[in-house]
Amino acid sequence: MMIKPPNWMRLNKSSSEIIDRSETLAFEFDDFPVKANSGDTVASALYAFGVKTFSRSFKYHRSRGLLCVAGRCANCMVTIDGVPNVRACTTPVRNGMKVKYQNAWPSLEFDLFSVLDRLDKLMPVGFYYKIFHRPKWAWKIVSSIIRRVGGLGKVDTKSISTTTYRHIFQHSDVAVIGGGPSGMSAALSLAKGGLRVVIIDDQPGLGGHLLFDKKLYKDLPDISELHGYEVGEFLANQVNSSDKISIISSATVFGFYEGNLLGIICDDRIIKLRAQHIVVTTGSYEIPLVFDGNDLPGVILGTGAQRLINLYGIKIGKTAIVATNNIHGYYVAKDLLESGTAITAIVDSRPELQNQFNLVNDLKSRGVLILNEHTITRSHGKGNIDGVTVARLKEGETTTQERHFSCDILSMSGGFQSADSILRQVSSEFAYDEILGEMIPSDLPTNVYAAGDVTGIHDLRASILQGRLIGVEVLSNLGFNKPDSPYNADSLRNELLEID
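Residues numbered from 1 in each chain as written. Predicted model: local features only at pLDDT ≥ 70, side-chain atom pairs only at ≥ 80, totals over all residues. Heavy atoms only, no water.

## Observations concerning the side chain of Arg64
Turning to its location among the elements, Arg64 is positioned in strand E4 (residues 63-64). Assessed through its relative accessible area of 16%, Arg64 is described here as buried. Of the polar contacts made by the side chain of Arg64, one reaches the side chain of Asp295; its length is 2.7 Å. Setting aside residues up to four positions removed in sequence, Arg64 forms contacts with Lys52, Thr53, Phe54, Ser55, Arg56, Ser57, Asn75, Asp295 and Pro297. (Helix = DSSP H or I, 4+ residues; strand = E, 2+ residues; numbered from the N terminus. Buried < 20%, exposed > 50% of the residue type's maximum accessible area, 1.4 Å probe, protein only. Polar contact = N/O pair within 3.5 Å; in protein donor to acceptor, adjacent residues only side chain to side chain. Contact = heavy atoms within 4.5 Å.)

## Let's talk about empty space enclosed by the protein
Applying the stated criterion across every chain, the model contains three cavities of 30 Å³ or more. Volume-wise, the largest cavity comes out at about 50 Å³. If you trace the largest cavity, you find it lined by Tyr47, Lys52, Gly65, Leu66, Pro297, Gly298, Val299, Ile300 and Ile409. Tallied by class, the residues present in the lining of the largest cavity amount to six nonpolar, two polar and one charged. (1 Å grid on protein atoms, 1.4 Å probe; cavity = no way out; pocket = protein on both sides within 12 Å on 5 of 7 lines; lining within 4 Å. Points joined across faces, edges and corners; volume = space filled by probe spheres on them. Nonpolar A, V, L, I, M, F, W, Y, C, P; charged D, E, K, R; others polar.)

## A look at helix H1 (residues 42-49)
Burial within H1 is extensive, with eight of its eight residues counted as buried. Listing the buried residues of H1 in full gives Val42, Ala43, Ser44, Ala45, Leu46, Tyr47, Ala48 and Phe49. Contacts made by the buried residues of H1 are with strand E1 (20-29), strand E2 (32-38), strand E5 (77-80), strand E7 (98-100), helix H6 (302-311) and strand E24 (409-413). Following H1 by one or two positions, Gly50 adopts a phi angle in the positive range, close to 110°.

## Section: the layout of surface pockets
If you add up the space inside the second largest pocket, you get close to 620 Å³. Taken together, 22 residues form the lining of the second largest pocket, with Ser114, Asp117, Arg118, Lys382 and Gly383 sitting closest to its centre. Secondary structure elements with two or more residues in the lining of the second largest pocket: E4 and strand E21 (374-381). Here the lining of the second largest pocket gets three residues from one element, more than from any other, and that element is E21. For the lining of the second largest pocket, a count of residues per class yields three nonpolar, nine polar and 10 charged.

## Considering the side chain of Ser284
Checked against the element boundaries, Ser284 lands in strand E16 (residues 284-286). A polar contact of 3.4 Å, which involves the side chain of Ser284, links it to the side chain of Asp453. Those residues in contact with Ser284 that lie beyond four places of it in its chain are Arg72, Phe416, Gln417, Ser418, Ala419, Asp453 and His458.

## What to know about the state of the cysteines
Counting across every chain of the model gives zero disulfides. As a non-bridged cysteine, Cys68 has Cys73 as the owner of its nearest cysteine sulfur, 3.6 Å distant. In this structure Cys68 comes out as buried when scored by relative accessible area, which is 7%. Looking at Cys73, the relative accessible area reads 14%, which means it is buried. (Disulfide = S-S within 2.5 Å.)

## Let's talk about the pattern of salt bridges
As a working rule, side chains carrying opposite charge can pair if their charged atoms are close by. On inspection of all chains with the given rule, the structure shows 16 salt bridges. Two residues, Lys98 and Glu28, come together in a salt bridge whose shortest N-O distance is 3.3 Å. Of this pair, Lys98 sits in strand E7 while Glu28 sits in strand E1, and the two are 70 residues apart along the sequence. We note a salt bridge from Asp268 to Arg166, for which the minimum N-O separation is 3.2 Å. Remark: Arg166 occurs in strand E8 (residues 166-177) and Asp268 occurs in the loop between strand E14 (261-266) and strand E15 (269-280); sequence separation between them is 102 residues. Each member of the salt-bridge network shares a partner with another, and the members are Lys13, Glu17 and Arg21. (Salt bridge = Lys/Arg side-chain N within 4 Å of Asp/Glu carboxyl O.)

## A closer look at the nonpolar core
Residues Phe27, Phe29, Val42, Leu308, Ile316 and Ile346 are the most contacted members of the largest nonpolar core, which totals 55 residues. The biggest single contributor to this core is H1, with seven residues. If near-sequence neighbours (up to four positions away) are discounted, Phe27 is found in contact with Phe32, Pro33, Val34, Ala36, Val42, Ala45, Leu46, Val93, Arg94, Gly96, Met97 and Val99. Core analysis: the second largest hydrophobic core is formed by 30 residues, Leu206, Ile223, Val239 and Val474 among them. (Core = buried A, V, L, I, M, F, W, Y, C linked by side-chain atoms within 4.5 Å.)

## Here we look at the sheet that holds E2
The sheet built from five strands is open, its strands ordered E2-E1-E7-E5-E6 with mixed pairing. Only two strands of the sheet have a single neighbouring strand rather than two, namely E2 and strand E6 (83-87). If you compare each strand with its neighbour and ignore which way they point, the axes differ by 45° on average. Judged from the seven bridges that link them, E1 and E2 form a sheet pairing that is antiparallel. (Pairing = 2+ DSSP bridges. Axes fitted to C-alpha atoms, helices over the stretch in contact; angles between N-to-C directions.)

## Things to note about the packing of helix H4 (residues 181-192) against helix H10 (residues 460-478)
Remark: H4 packs on H10, axes separated minimally by 7 Å, with the N-to-C direction vectors making an angle of 35°. For H4 against H10, the interelement crossing comes out right-handed. Residue-level inspection shows Pro181, Ser182, Ser185, Ala186, Ser189 and Leu190 of H4 in contact with H10, the latter providing Leu460, Ser463, Ile464, Gly467, Arg468, Gly471, Val472, Val474 and Leu475. (Left-handed = near helix turned anticlockwise from the far one by under 90°.)

## Here's the deal with helix H7 (residues 328-338)
Judged by how many residues are buried, H7 sits mostly within the fold: eight of 11 residues are covered. Taken as a whole, H7 has its buried residues at His328, Gly329, Tyr330, Val332, Ala333, Asp335, Leu336 and Leu337.

## Overview of the environment of Asp31
Note on placement: Asp31 falls in the loop between E1 and E2. Sequence separation between Asp31 and Glu373 is 342 residues, and the spatial gap between their C-alpha atoms is 48 Å.

## With respect to the packing of H6 against H7
Following both chains from N to C, one finds H6 and H7 inclined at 30°, their axes separated by 10 Å at the closest point. Taken together, H6 and H7 sit at an angle that is classed as roughly parallel. Relative to H7, H6 is oriented so that their crossing is left-handed. When H6 is examined against H7, the residues Gly302, Thr303, Gln306, Ile309 and Asn310 are found in contact with a partner set consisting of His328, Tyr331, Val332, Asp335 and Leu336. (Parallel < 35°, antiparallel > 145°, perpendicular 65-115°, else oblique.)

In short, shape yes, function no, at least from these values alone.
In structure tokens, the structure reads:
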């Protein structure tokens, strides 16, 4: 493996990036020295270093590359300093850390066990239980072999964990789960009304999806014309300057219990937080598209591509195909173009767009081919994607009219689904919205609220207004006698109805 400098594949410095190029860190990956910038994650540093394959699948040993870049998939799991199954995309680089790949032999790029991928028809789900359960001695022999070949990281049974968790008890008027635009807006509205608020967020900094959003917003309430990441910074500065709001960063809410008790893990702390009201603003997950070969390295979610480009300043490839069924794919294509990646085509399963003319026309004027009513049927490549097959759709069905394109990146945007797991721990009810194509919360317990993307709203203006409205409603329900919120409930509702 060739040793490359920390600026390998790096773009010119951008105002949205979170890395500090003036400070260089060093770590080892498979015994090779790798240089990174302060603020890099292990995944971003390795990708900038030229690593495309991060792991192997647990059964067939298929190559796995970066997919979500948000800690919500298993594609980038590695062993760090002896600890297995660590997500590289959310683990910050530290000087001297030792990173090892998992589940491959003799190397990550050339894995002998990948031959199992060609034997998949001989190994259906659960075949080992159905074939090797008799005679009894057969399982004793075969099980050790299966455990060696399958699985992910290897647990060192001789090592003893030295982590001692501290138990901390906290109380607050309101707990906001999620530090994105709707969560910050709700917290600010509540704090201006005089309430004590705690924001719990799983990222090191506030902002949510705005951190990597470079769209220009002109119609946000009480906010001047700013790019998405600037809006996030503006709201975060207001939150940080409020003496009524405290923040628990890089934390996970793992339990929502009776009496509005939240279980939170943060580093070596187990925090038991009880609040009168809970506001859930946990956002949403981007959905991958389904086609043959959608797991090849180089196939990445649109939000994952934006994170690498806008947060870590990485040019992710030379030539890309963007596959989408929603407008977000077009914004991803714009970010790819501006990073220097050529766009061969945008493959959109919908008929021709009736809105967003400016964005579409801008992409067309820059030579981007837009194929409406088309879909990806399969990707090609060995070790990394090198092309795709695209087919025309007719009345929603795939036809035999196919086209082939070369690319080394396939960005896919299949829509969004609410990150609603914490709401499902309490007696919340959900309903499928046919217009949004999502399951969204329809009925929440008393003193529990939801706002933003988790409710199916993927509009920044609406998310901010919804967060403010929740603040007003909570203050009203509490009958708080301190200074009223500066926001009016009726006017906020009317603005939301206009957006809808």
